[in-house]
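The chain contents come next:
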Amino acid sequence: PALTREQLEGVTTASTFVLDQPRCTFKDYGNAVIWLVVALDKDIFNNNSAGPGTPETAFQSFPESVSAYMTLNATLDSYPCPKPAGDITVLRVGSETSCAKDASRPTCNGPLPGPGPYWVKFLALEGSVPVAETAWSKPITLRTAKSPSSIPTAGSGHSAGMIAITAILSILLAILLAALVAMLVFCGSDSCGSSTFSKPESVTVRRYNTHHVYDQPAARL
Amino acid sequence: MAKSDDCVHILQGLLVFGNVVIGMCGIALTAECIYVVSNPHGAYPLLKATENSDIHAAAWIGIFVGLALFALSILGIIGVIKASRTLLLVYIILMLITFAFEMASSITAATHQDSQTSNVLLKQMLERYQKSDPNNNSDNEVTKTWDELMRQNHCCGVNGPSDWQKYTSAFRDTHSDADYPWPRACCVLDAKGLPVNLDGCKLGVSGYYNSNGCYDAMSGPVNTHAWGVAWFGFAILCWTFCVLLGTMFYWSGIEY
């Protein structure tokens, strides 16, 4: 068995993992019940020593008093061979939360208690006699979650845009204030006004008719 | 004399034109800031909860600055045409005050863009989403906002559903990892609000859960608003700078 090759987000989570179903693995064992063995130490488990549903392989005692448990029993009918193309045929180990603390359900497929690593294999039993098995899988390690306080939220520094805006606007404001001060100091009193900028009303030159006679025809004597 | 008369008229014309532009830009700035303030898109409660609503402070200042610019531009036009020293002095001083306020608004809006990193939002989400404390109102706001956000935008978490797996959270404290690898709002929901395929969602089969993060949906509109307020304000201020310098030069040349 191995972690599924399907593209699933939840292939491993903190307390579950997903295996491919053992399709086309156990042929000729139509009468057998196929169990999944999940172990923390693969060398301790002995196929013949304990059967499923006994306290020696109960999920609820895992991992304190029991080093391996057996779960997810199915007959070969559940795993028809060949697998139809396009179907997602997986087993989610750790999905049953309702029986996790229920000692009367020792074959519960409960959530795994820690990150592992776990070894799994499939075991086919006829009655209580093991007739076939797969090899142990590679060690499967689950995800560990970090605390959110480890997220760095220090100020990311100021972007170039903000620095540019601040600098340029400060300079502009400073120039304006300096110009204002200069304007008031030098031109506050009457010393700057020049006649070139004179006000519209004051430059009306009133046409003054002198009593001057123009175009008087020459007096004809 | 004719030539300097022409110079005067050209300068007056330029100043009037400059003030007209300032007046119109003031109205535009007011309109833009009213839009930003009254269009607080869905993620606003999250921003408020992170105590980072600089963009709203900047926009409120922008509304009043815009109106002030419009009023002052009218004053400026009258002052230039009448060549009145007092009017123009009042105009210059009030414009400088408005300049300072708009500068503050522009810088605030630009700063806002810096501080909205995805990490701040991620931390806030992990610490407060579904935090089961019925007394704390702002946490319930955060939860409601996130649920709305995830449902409407079909997204999950800040960077993706893996946020809920990578970090422990208030949500994880009350919901077991096996039953809820990520919140139900991350699942594809049917018309009644129930997951279309709960097992598919828990497994993470594409099509039954939202695989992308919500950060783009959240930060996009806010950053656009902040960008608009900051840079439009900057452009107006640069133009105002030129007009003010011209006005000061004109003022110093007016006969008393």
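Just so it is clear, the model here is predicted, and its values are computed rather than measured.

### Some details on the sheet that holds strand S5 (residues 119–126) of chain A
All names here are of chain A. Across the sheet, four strands lie side by side as S3-S2-S5-S6; this open sheet has antiparallel pairing. Each edge of the open sheet carries a strand with a single partner, namely strand S3 (68–75) and strand S6 (129–133). With strand direction ignored, the average angle separating the axes of adjacent strands in the sheet is 35°. The sheet contact formed by S5 and S6 spans four bridges and is antiparallel.

### A short note on the UniProt feature "transmembrane region" (unreviewed entry) in chain B
The UniProt entry lists residues 12–37, 57–81, 88–110 and 229–251 of chain B under the feature "transmembrane region" (unreviewed entry), expressed in the numbering used here. Each end of residues 88–110 of chain B is marked by a C-alpha atom, and these two atoms are 32 Å apart; helix forms 100% of the span and strand 0%.

### Some details on the environment of Arg 172 of chain B
All names here are of chain B. Here Arg 172 lies in helix H8 (residues 170–174). In this structure, the C-alpha to C-alpha distance between Arg 172 and Gln 130, residues 42 residues apart in sequence, is 9.0 Å. For Arg 172, the residues in contact, after removing those within four places along its chain, are Trp 164, Gln 165, Asp 177, Tyr 180 and Pro 181. Only 2.9 Å separates the side chain of Arg 172 from the backbone oxygen of Pro 181, close enough to count as a polar contact.

### A few points about the UniProt feature "transmembrane region" (unreviewed entry) in chain A
Within this structure's numbering, the places UniProt gives as "transmembrane region" (unreviewed entry) are residues 163–186 of chain A. Annotation note: span residues 163–186 of chain A, helix share 100%, strand share 0%, distance between end C-alpha atoms 34 Å.

### Focus on the pattern of salt bridges
Residues and elements named next belong to chain B. Counted by the stated rule, this structure contains four salt bridges over all chains. The partner of Arg 172 in a salt bridge is Asp 177, with the nearest N and O atoms 3.9 Å apart. The exposure class of Asp 177 is buried, given its relative accessible area of 7%. Ionic pairing is found between Asp 179 and Lys 202, a salt bridge with its closest N-O pair at 3.8 Å. Taken together, the residues span a long stretch of sequence, with Asp 179 in the loop between H8 and helix H9 (198–203) and Lys 202 in helix H9 at a distance of 23 residues. Overall, Lys 202 belongs to the buried group, its relative accessible area being 10%.

### Some words on a nonpolar patch on the surface
All names here are of chain B. On the surface, Val 90, Ile 93, Leu 94, Ile 97 and Phe 101 cluster together to form a nonpolar patch covering roughly 430 Å² of accessible area. By the element assignment, Ile 97 lies in helix H4 (residues 85–115). Judged by its relative accessible area of 45%, Ile 97 is partly exposed.

### A short note on helix H6 (residues 137–153) of chain B
Owing to its 3.6 residues per turn, the α-helix aligns residues three or four sequence positions apart on the same side. Residues and elements named next belong to chain B. Relative to the 24 Å expected for 17 residues at 1.5 Å per residue, H6 spans 24 Å between its end C-alpha atoms, a close match to the ideal helical length. For H6, the complete set of buried residues consists of Asp 139, Val 142, Thr 143, Thr 145, Trp 146, Asp 147, Leu 149 and Met 150. His 154 lies just past H6 and shows a positive phi near 50°.

### Section: the state of the cysteines
Counted by the stated rule, this structure contains five disulfides over all chains. One disulfide in the model links Cys 24 of chain A with Cys 81 of chain A; its S-S distance is 1.9 Å. The sign of the 105° torsion about the S-S bond sets the Cys 24 of chain A-Cys 81 of chain A disulfide as right-handed. Within this pair, whereas Cys 24 of chain A is found in the loop between strand S1 (17–20) and strand S2 (33–39), its partner Cys 81 of chain A is found in the loop between S3 and strand S4 (90–93), the two being separated by 57 residues in sequence. Its relative accessible area of 44% is what places Cys 81 of chain A among the partly exposed residues. One disulfide bridge connects Cys 156 of chain B with Cys 186 of chain B, the sulfur atoms lying 1.9 Å from each other.

### Quick word on the packing of aromatic side chains
Going through the model one piece at a time under the given rule, you end up with 11 aromatic pairs over all chains. Relative to Tyr 180 of chain B, the ring of Phe 171 of chain B has its centre 6.3 Å away and its plane inclined at 90°; by these criteria the two rings are edge-to-face. Tyr 180 of chain B sits in the partly exposed class, given a relative accessible area of 24%. By the ring-pair criterion, three or more aromatic residues cluster together here, those being Phe 59, Phe 62, Tyr 69 and Tyr 118 of chain A. Above the plane of the ring of Trp 251 of chain B lies Arg 85 of chain B, whose end atom (NZ or CZ) is 4.3 Å from the centre.

Definitions and limits used
Residues numbered from 1 in each chain as written. Chains lettered and ligands numbered in written order. Predicted model: local features only at pLDDT ≥ 70, side-chain atom pairs only at ≥ 80, totals over all residues. Heavy atoms only, no water. Pairing = 2+ DSSP bridges. Helix = DSSP H or I, 4+ residues; strand = E, 2+ residues; numbered from the N terminus. Axes fitted to C-alpha atoms, helices over the stretch in contact; angles between N-to-C directions. UniProt positions renumbered as here; feature names shortened; annotations may be inferred. Contact = heavy atoms within 4.5 Å. Polar contact = N/O pair within 3.5 Å; in protein donor to acceptor, adjacent residues only side chain to side chain. Salt bridge = Lys/Arg side-chain N within 4 Å of Asp/Glu carboxyl O. Buried < 20%, exposed > 50% of the residue type's maximum accessible area, 1.4 Å probe, protein only. Patch = residues over 30% accessible without salt bridge, like charges linked within 9 Å, V, L, I, M, F, W, Y side chains within 5 Å. Areas by Shrake-Rupley, 256 points an atom, 1.4 Å probe, with all protein chains shown as cover. Expected span 1.5 Å × (residues − 1). Disulfide = S-S within 2.5 Å. Phe/Tyr/Trp six-rings, centres within 6.5 Å; stacked < 30°, edge-to-face > 60°. Lys NZ or Arg CZ within 6 Å of the ring centre and 35° of its normal.

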